[in-house]
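Single-letter residue listing:
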Amino acid sequence: MSTKTETEAVGSAVAPPTAPADMSPRRRPLGDRLKDIGGRWLFLAPALIILVAVLAYPLFYTIQISFAELDLSTFTPAKNVGWLNYRTVLEDPGFLNSLKVTGVYLALALPLQMILGFGIAFLLNAEWRGRGVLRALFLIPMVVVPVVAGGVWKMLLDPMWGFVNYLLGLVGIDPINWLADPTLAMVSLVLIDTWRWTPFVVLIASAGIMSLPGDVFEAAKVDGAGWFATLRKVTLPLLAPVILAAFIVRWLGAVKMFDIALAATKGGPGQATDVVNLYIYEKAFRGLEFGTASSMATLVLAITMLLTFLFLRLNRFLEKRW
Amino acid sequence: MVTTTAAAPATRGRSRHGRLGRGLRIGGSIAATLVFLFPVLWMISTSLKLPRDIFASPPRWLSTVTWENYTSYFTQADIGPRMVNTIIVALGSGLLSIVAGAMAGYALARLPIRGSGLIGGLILASRGVPPIALAVPMFLVARRFNLTDQHITLILAYCTFLIPYVMWLMRSFFMALPKELEESAMLDGASRLGAFFRIIVPCTLPGLISTLIFSIILAWEELLFALVLTNRNAATIPVAIAGMAADTEQGAMWGPLTAVGTLTVIPVVVFALFVQKWLIKGLAEGATKG
């Protein structure tokens, strides 16, 4: 079963599988049934064709490089070195540290952004004339190009001139050197990332809240359900698919994070904010160690796939339950 | 909707409470928006400052307003053509991804396809691929087919992260719709594709538009692929900014950096405000129909 579906996933972007065994024959002519199957695959075809061409192919190439030494003059894999790159990577304390840093960042940033995002979306859902404009304004932090965003926050957090310390000074707190202390640098990174990405959760949550059926809430009101009961018994269960989808998309985005770290902290101080993608980037494009960088990328990919798979299982479980 | 002013005391109490809650929510939403906007306002004000006022203690909102940060850099860095490139690439990849991704999302949400869970998982997990892992092979392939520095190359490259993103979000929006919707349309003789475009798409318009906005934003700010796959003809704004950011280490470029940052925000804000109207219109129509 599993091998069958795997070959399907890879090979059948264009050719639909013929004669599915598990379809109960409802005395419909074979031609009709084939047309039906073709119709289903028609929906998947554009996405699959593009993704195989621009994603699967480069990805396999990366995996190939991860087992090789790359010839830097021609950018082709020169000789196969087996698992050597992987062993180098697993013995590299910098790489292991970057995995840990990424884990800490994810554990802090994701829950914060989800809660803030859905909370603000509920606030923004109050009916009044300005809410559309507020929603659009809310998007702006996301639009600021990461390099600029990192720079602006560096200015705001500057120990001597920064506005944040100026505010703290007004309430009598001494200036804090945000980006120079390892713990605070991580806090700053999470802060900047949350500032940039909470709007994403807000918009997805808003769209979800807006497409909720109004009559259910009317019914809850008529039944005399209070604010909290409505939230817990009606709103959250109905929103569950959107919440889970937002979380998974945000998780996959956060796993790839590197531009903010690059712009704001460059991974420092020391290696306190050296997230895994930044580390790989430095290895590949500064160290020109494409072989080991590809091994790291492949490992990160494998870990991501595994965790995503677990989240998806959880997702399906929760979707069924609610 | 209908205010119950002349109803029993208990109901009136609740509605007064409701009004207070509504006021708090409006106040809260304005406050939250302002907090989130503050760094952007700071960026805009910095872009209008003289260099000596950018680092002042205590910080100042404004100095003598100067446009120098906008004019000085503009002439050197070809910001205009790069803005056009960014718009072409962001719109192109956004639209291509929304069509392909929404169709795939629908297939995964509704159609009985063998192995659809696995396909969906694979497509989704591909969004977790570190872009670094794709950048080098993409560069090599683009060079082999003579496609470096072309808009279409960047558009296709952006599809690698946009299509999975669109597919996953739209799948959840489609799943929130009642099944009877397209079933009744198909009983009336519409084809699956017809039912999708005429019934399903209009019903998920808010989700579709917000997904499109985010796709365009994601493409708008992307740096790595643009850096690797373009050099002149198709170079985007983030590429130009990255060049400037390298100079900020010397401390002199904050003014121009914030100026270009401000300029890149404007088109997307205009776009988002424009689309927001459609979003609400689509919602209102959907509500009256329902």
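Computed from a predicted structure; not experimentally measured. (Residues numbered from 1 in each chain as written. Chains lettered and ligands numbered in written order. Predicted model: local features only at pLDDT ≥ 70, side-chain atom pairs only at ≥ 80, totals over all residues. Heavy atoms only, no water.)

Bringing the overall build of chain A into the picture now. A tally of regular secondary structure across chain A gives 14 helices and two strands. On C-alpha atoms alone, chain A measures out to a radius of gyration of 25 Å, which is more than a quarter above the 20 Å that the 2.2 N^0.38 rule sets for 322 residues. Oriented by its inertia axes, the alpha-carbon framework of chain A measures out at about 80 × 75 × 30 Å. When each of the 322 residues of chain A is scored for burial, the buried share is 50%. Sequence separation of at least 24 residues holds for 63% of the intrachain contacts in chain A that already meet a minimum separation of 6. Counting only carbon and sulfur atoms, one obtains 67% of the accessible surface of chain A, whose full area is about 15300 Å². Put simply, chain A has 27 plus and 22 minus side-chain charges, and the middle of one group is 9 Å from the middle of the other. (Helix = DSSP H or I, 4+ residues; strand = E, 2+ residues; numbered from the N terminus. Rg over C-alpha atoms; globule rule 2.2 N^0.38 Å. Buried < 20%, exposed > 50% of the residue type's maximum accessible area, 1.4 Å probe, protein only. Contact = heavy atoms within 4.5 Å. Areas by Shrake-Rupley, 256 points an atom, 1.4 Å probe, with all protein chains shown as cover. Lys, Arg positive; Asp, Glu negative; His and termini not counted. Charge placed at Lys NZ, Arg CZ, Asp CG, Glu CD.)

Quick look at the interface of chain A and chain B now. Where interface size is given, it is often the accessible area lost as the parts come together that is meant. With 102 residues of chain A in contact, the opposing surface of chain B contributes 106 residues. For the pair chain A and chain B, the two sides together bury roughly 9400 Å², of which 81% comes from carbon and sulfur. By the criterion of area lost to chain B, the three top residues of chain A are Phe43, Met155 and Lys256 of chain A, representing 9% of everything that side buries. Put simply, chain A and chain B have one salt bridge between them. The shortest N-O distance in the salt bridge between glutamate 221 of chain B and arginine 196 of chain A comes to 2.9 Å. The element best represented in the side of chain A that touches chain B is helix H2 (residues 30-66) of chain A, accounting for 17 residues. Residue composition of the side of chain A that touches chain B, grouped by class: 73 nonpolar, 15 polar and 14 charged. (Buried area = accessible area lost by both parts, 1.4 Å probe. Salt bridge = Lys/Arg side-chain N within 4 Å of Asp/Glu carboxyl O. Nonpolar A, V, L, I, M, F, W, Y, C, P; charged D, E, K, R; others polar.)

Another point: a nonpolar patch on the surface. Residues and elements named next belong to chain A. A cluster of nonpolar residues, Tyr166, Leu167, Leu170, Val171 and Ile173, forms a patch on the protein surface that exposes about 470 Å² of accessible area. Inspection of the secondary structure puts valine 171 in the loop between helix H8 (163-170) and helix H9 (182-210). With a relative accessible area of 64%, valine 171 lands in the exposed category. (Patch = residues over 30% accessible without salt bridge, like charges linked within 9 Å, V, L, I, M, F, W, Y side chains within 5 Å.)

Let us look at the domain arrangement of chain B. Residues and elements named next belong to chain B. Per the domain assignment, the segments making up chain B are domain 1 (2-47) and domain 2 (73-289). Counting residues at the interface gives four residues for domain 1, matched by six residues for domain 2. Buried area between domain 1 and domain 2, summed over both chains or domains, comes out near 400 Å², and the portion from carbon and sulfur atoms is 80%. Considering only the surface of domain 1 that becomes buried against domain 2, Met43, Thr46 and Ser47 emerge as the three largest contributors, covering 84% of it. The interface formed by domain 1 and domain 2 includes zero salt bridges. At the surface where domain 1 touches domain 2, the tally comes to one residue pair in polar contact (both at pLDDT 80 or more). Here the residues of the side of domain 1 that touches domain 2 sort into two nonpolar, two polar and no charged. (Domains from an automatic or database assignment. Polar contact = N/O pair within 3.5 Å; in protein donor to acceptor, adjacent residues only side chain to side chain.)

Residue and element names in this part refer to chain A. The sites that UniProt annotates as "transmembrane region" (unreviewed entry) are residues 41-63, 103-124, 136-156, 194-213, 234-253 and 293-312. Along residues 103-124 one finds 100% helix and 0% strand; the C-alpha atoms at either end are 31 Å apart. A helix fraction of 100% and a strand fraction of 0% characterise residues 293-312, whose end C-alpha atoms lie 28 Å from each other. (UniProt positions renumbered as here; feature names shortened; annotations may be inferred.)

Bringing empty space enclosed by the protein into the picture now. Counted under the stated rule, the structure contains five cavities of 30 Å³ or more. The computed volume of the largest cavity comes to approximately 380 Å³. The set of elements that each furnish at least two residues to the lining of the largest cavity consists of H9, helix H11 (227-255) and helix H12 (259-264) of chain A together with helix H10 (205-221) of chain B. Grouping the amino acids of the lining of the largest cavity by side-chain chemistry returns twelve nonpolar, one polar and eight charged. (1 Å grid on protein atoms, 1.4 Å probe; cavity = no way out; pocket = protein on both sides within 12 Å on 5 of 7 lines; lining within 4 Å. Points joined across faces, edges and corners; volume = space filled by probe spheres on them.)

Turning to the UniProt feature "domain: ABC transmembrane type-1" (unreviewed entry) in chain A, a few remarks are in order. UniProt's entry tags residues 95-311 of chain A with the feature "domain: ABC transmembrane type-1" (unreviewed entry), counted in the numbering of this structure. The annotated region residues 95-311 of chain A carries 77% helix and 0% strand content, and the separation between its end C-alpha atoms amounts to 24 Å.

Now for the side chain of asparagine 85 of chain B. With respect to the helices and strands, asparagine 85 of chain B occurs in helix H4 (residues 79-110). Taking relative accessible area as the criterion, asparagine 85 of chain B reaches 6% and is therefore assigned buried.

This paragraph deals with the pairing of strand E1 (residues 68-71) of chain A. Sheet faces and side chains relate simply in a regular strand, where the side chains alternate between the two faces. Residue and element names in this part refer to chain A. Only one face of E1 is buried: it carries Ala68 and Leu70, and the other face, with Glu69 and Asp71, is open. Here E1 runs beside strand E2 (residues 76-80); their pairing, made up of four bridges, is antiparallel. Looking across to E2, one finds that alanine 68 is bridged to asparagine 80. (Pairing = 2+ DSSP bridges.)

On to the pattern of salt bridges. All names here are of chain A. Scanning the model with the defined rule gives three salt bridges over all chains in all. With its nearest N and O atoms 3.4 Å apart, the salt bridge here joins aspartate 193 to arginine 250. Placement of aspartate 193 in helix H9 and of arginine 250 in helix H11 is noted, with a sequence separation of 57 residues between them. One exposure class covers both aspartate 193 and arginine 250, and it is buried. Note that glutamate 282 is salt-bridged to arginine 286, the shortest N-O span being 3.0 Å. One end of the pair, glutamate 282, and the other, arginine 286, are both in helix H13 (residues 276-286), four residues apart, so they sit about a helical turn from each other. Residue classification places arginine 286 among the exposed positions, given a relative accessible area of 58%.

As a further point, take the packing of aromatic side chains. Where two aromatic rings form a pair, the distance of their centres and the angle of their planes describe that pair. Summed over the entire model, instances satisfying the criterion amount to 23 aromatic pairs over all chains. Ring geometry for tyrosine 106 of chain B versus phenylalanine 196 of chain B: centroids 4.9 Å apart, planes at 50°, classification tilted. In this pair, tyrosine 106 of chain B sits in helix H4 while phenylalanine 196 of chain B sits in helix H9 (residues 192-203), placing the two residues 90 residues apart along the sequence. Judged by centre distance (5.0 Å) and plane angle (75°), the ring pair of phenylalanine 196 of chain B and phenylalanine 197 of chain B falls under edge-to-face. Judged by its relative accessible area of 1%, phenylalanine 196 of chain B falls in the buried class. Judged by relative accessible area, phenylalanine 197 of chain B falls into the partly exposed class, the value being 45%. Here the aromatic residues Phe43 of chain A together with Tyr106, Phe174, Phe196 and Phe197 of chain B are joined through ring pairs into a cluster of three or more. If you follow lysine 49 of chain B out to its NZ or CZ, it ends over the ring of tryptophan 42 of chain B, 4.4 Å from the centre. (Phe/Tyr/Trp six-rings, centres within 6.5 Å; stacked < 30°, edge-to-face > 60°. Lys NZ or Arg CZ within 6 Å of the ring centre and 35° of its normal.)

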